[in-house]
Amino acid sequence: IWIFSSFILLVVTFFFVYTIFIILRQFRLVEMQKDFVNNMAHEFKTPISTITISAETLSNPDIIHKPERLHSYVNIIKNETNRLRNQVDKLLQIAKMESDKIDLHEEEINLHELILELIPNLNIKIDELQGNINLRLDAKHCYILADRVHLVNILYNLVDNAIKYTEHAPIIEIHTWTEATDLCLSIKDNGIGIAEEHRKKIFDKFFRVPTGNIHNVKGFGLGLHYLKLVVTAHKWKIKLESEKNKGSTFIITIPWLKKETVNGDN
């Protein structure tokens, strides 16, 4: 009787603990989703407000006599519209990929040429903050097979994160090198770093690293989650090296293609 009673008590205790665990997990998910909705509202509200103000300024008849100012506000509207479109595209891409409908359009890409092509756009934000991007393109084999759109997106995401999570002038290093059959791409920053307890969650959906004294960091908590999905879809590997207050380095390992194969030579 005692053994049977102990067994029943053990089972009841297990189910009680399991129920508490499920409740806490659901509560945490609800809080994360509420945070996501708040961040999304902020991300959409800011560019919409900027576009509205710019449109009101352009509606002034006198603006036509100030071509430089006119051109400036037109560029602001273009940039903010692109920002909105990128945010919407990111949400749609996440939804599509997580329903196992991701469709990669892989092509042969010279990674070094792509990085050099993106540098002028990446430097726009960096220059505003008096920062710098250092390039170390040391890979001997720089041709890879990848979906160009997704690859460009993850490069922008990593650089954007490096900028957002840096308290001072951002110094970002983009480094490539070759290891056996792989091309390694790393993006290193001088930001606030990531504490050990957060590193395992960094690629989780909606998860955002606590920013300490940096209060202007906004986002959906989807950037790194999206990056992980893209890397997994390509069957690449990604690794994070980081210490709190000492910056972070994201390393993506990609199989390289022989240049002879790309050129169609034997």
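Before reading on, note that the structure itself is shown above.
Residues numbered from 1 in each chain as written. Predicted model: local features only at pLDDT ≥ 70, side-chain atom pairs only at ≥ 80, totals over all residues. Heavy atoms only, no water.

Student: I tried to follow the overall build of the protein on my own but got confused; where do I start?
Tutor: Helices and strands together make up the secondary structure of the protein, namely seven helices and seven strands. Among the 266 residues that make up the protein, the fraction classed as buried is 37%. A separation of at least 24 residues holds for 72% of the contacts in the protein among residues at least 6 apart in sequence. Accessible area of the protein: about 16,800 Å², with a carbon and sulfur share of 57%. (Helix = DSSP H or I, 4+ residues; strand = E, 2+ residues; numbered from the N terminus. Buried < 20%, exposed > 50% of the residue type's maximum accessible area, 1.4 Å probe, protein only. Contact = heavy atoms within 4.5 Å. Areas by Shrake-Rupley, 256 points an atom, 1.4 Å probe, with all protein chains shown as cover.)

Student: What should I look at first to understand the packing of aromatic side chains in this one?
Tutor: Each aromatic ring pair is described using two quantities: the centre-to-centre distance and the angle formed by the ring planes. In total, this model carries three aromatic pairs according to the counting rule given. A ring pair is formed by Phe14 and Tyr18, whose centres lie 6.4 Å apart and whose planes are at 15 degrees; its orientation type is stacked. Separated by four residues within a single helix, Phe14 and Tyr18 lie in helix H1 (residues 2–58), roughly one turn from each other. Residue class for Phe14 comes out exposed when judged on its relative accessible area of 53%. Between the aromatic rings of Phe203 and Phe250, the centroid separation amounts to 6.4 Å while the plane-to-plane angle is 75 degrees, which identifies the pairing as edge-to-face. Separated by 47 residues along the polypeptide, Phe203 in the loop between helix H5 (196–199) and helix H6 (223–234) and Phe250 in strand S7 (residues 248–257) bring together distant segments of the chain. Aromatic ring contacts, followed pair by pair, group Phe14, Phe15 and Tyr18 into a single cluster. Lying over the aromatic face of Phe203, Lys228 brings its terminal NZ or CZ to 5.7 Å of the ring centre. (Phe/Tyr/Trp six-rings, centres within 6.5 Å; stacked < 30°, edge-to-face > 60°. Lys NZ or Arg CZ within 6 Å of the ring centre and 35° of its normal.)

Student: Looking at this model, I keep getting lost on the environment of His112. Mind explaining?
Tutor: With respect to the helices and strands, the residue His112 is situated in helix H3 (residues 111–128). Sequence separation between His112 and Asp138 is 26 residues, and the spatial gap between their C-alpha atoms is 9.3 Å. Setting aside residues no more than four positions away along its own chain, His112 makes contact with Leu137, Asp138, Ala139, Cys142 and Thr176.

Student: When you look at the pairing of strand S4 (residues 171–179) in this model, what are you seeing that I'm missing?
Tutor: For a regular strand, the rule is simple: side chains alternate between the two faces of the sheet. One ladder, built from six bridges, connects strand S2 (residues 132–137) with S4; its direction is parallel. If you follow Asn132 over to S4, its bridge partner there is Ile171. Bridge analysis of S4 against strand S5 (residues 182–188) gives seven bridges, and the strand direction is antiparallel. For Glu179, the partnering residue across the bridge sits in S5 and is Asp182. If you look at the hairpin formed by S4 and S5, you'll find two residues sitting between the two strands, and Ala180 has a positive phi there, around 50 degrees. (Pairing = 2+ DSSP bridges.)

Student: For this particular structure, what's the right way to read the pattern of salt bridges?
Tutor: Oppositely charged side chains can pair when the atoms bearing their charge come close. Counting across every chain of the model gives five salt bridges. A salt bridge links Arg136 to Asp138; the nearest nitrogen and oxygen atoms lie 4.0 Å apart. Between Arg136 and Glu173 there is a salt bridge, and its shortest N-O distance comes to 3.5 Å. Linking Arg136 in strand S2 with Glu173 in strand S4, this pair joins segments that are 37 residues apart in sequence. Residue classification places Arg136 among the partly exposed residues on the basis of a relative accessible area of 37%. Among the charged side chains, a salt-bridge network with shared partners connects Arg136, Asp138 and Glu173. (Salt bridge = Lys/Arg side-chain N within 4 Å of Asp/Glu carboxyl O.)

Student: Help me understand the packing of H3 against helix H4 (residues 148–164), please; the structure alone is not making it clear to me.
Tutor: Axis separation between H3 and H4 bottoms out at 11 Å; the angle between their running directions is 40 degrees. In terms of their interaxial angle, H3 and H4 are classed as oblique. When you trace H3 past H4, the crossing you get is right-handed. Every residue of H4 that contacts H3 at Leu111, Leu114, Glu117, Leu118, Asn121, Leu122, Lys125 and Ile126 is listed here: Arg148, Leu151, Val152, Leu155, Tyr156, Val159, Asp160 and Ile163. Here the contact of H3 with H4 is composed, by residue class, of 11 nonpolar, one polar and four charged. (Axes fitted to C-alpha atoms, helices over the stretch in contact; angles between N-to-C directions. Parallel < 35°, antiparallel > 145°, perpendicular 65-115°, else oblique. Left-handed = near helix turned anticlockwise from the far one by under 90°. Nonpolar A, V, L, I, M, F, W, Y, C, P; charged D, E, K, R; others polar.)

Student: Explain empty space enclosed by the protein to me, please; I cannot follow it from the model alone.
Tutor: To locate leftover empty space, one rolls a probe as large as a water molecule over the atoms. A complete count under the given rule lists one cavity of 30 Å³ or more for this structure. The calculated volume of the largest cavity comes to roughly 30 Å³. If you go around the largest cavity, the residues you meet are Ile115, Leu118, Leu122, Leu155, Val159 and Ile174. Of all elements in the fold, only H3 and H4 reach the threshold of two or more residues within the lining of the largest cavity. Ranked by residues supplied to the lining of the largest cavity, first place goes to H3 with three residues. By residue class, the composition of the lining of the largest cavity is six nonpolar, no polar and no charged. (1 Å grid on protein atoms, 1.4 Å probe; cavity = no way out; pocket = protein on both sides within 12 Å on 5 of 7 lines; lining within 4 Å. Points joined across faces, edges and corners; volume = space filled by probe spheres on them.)

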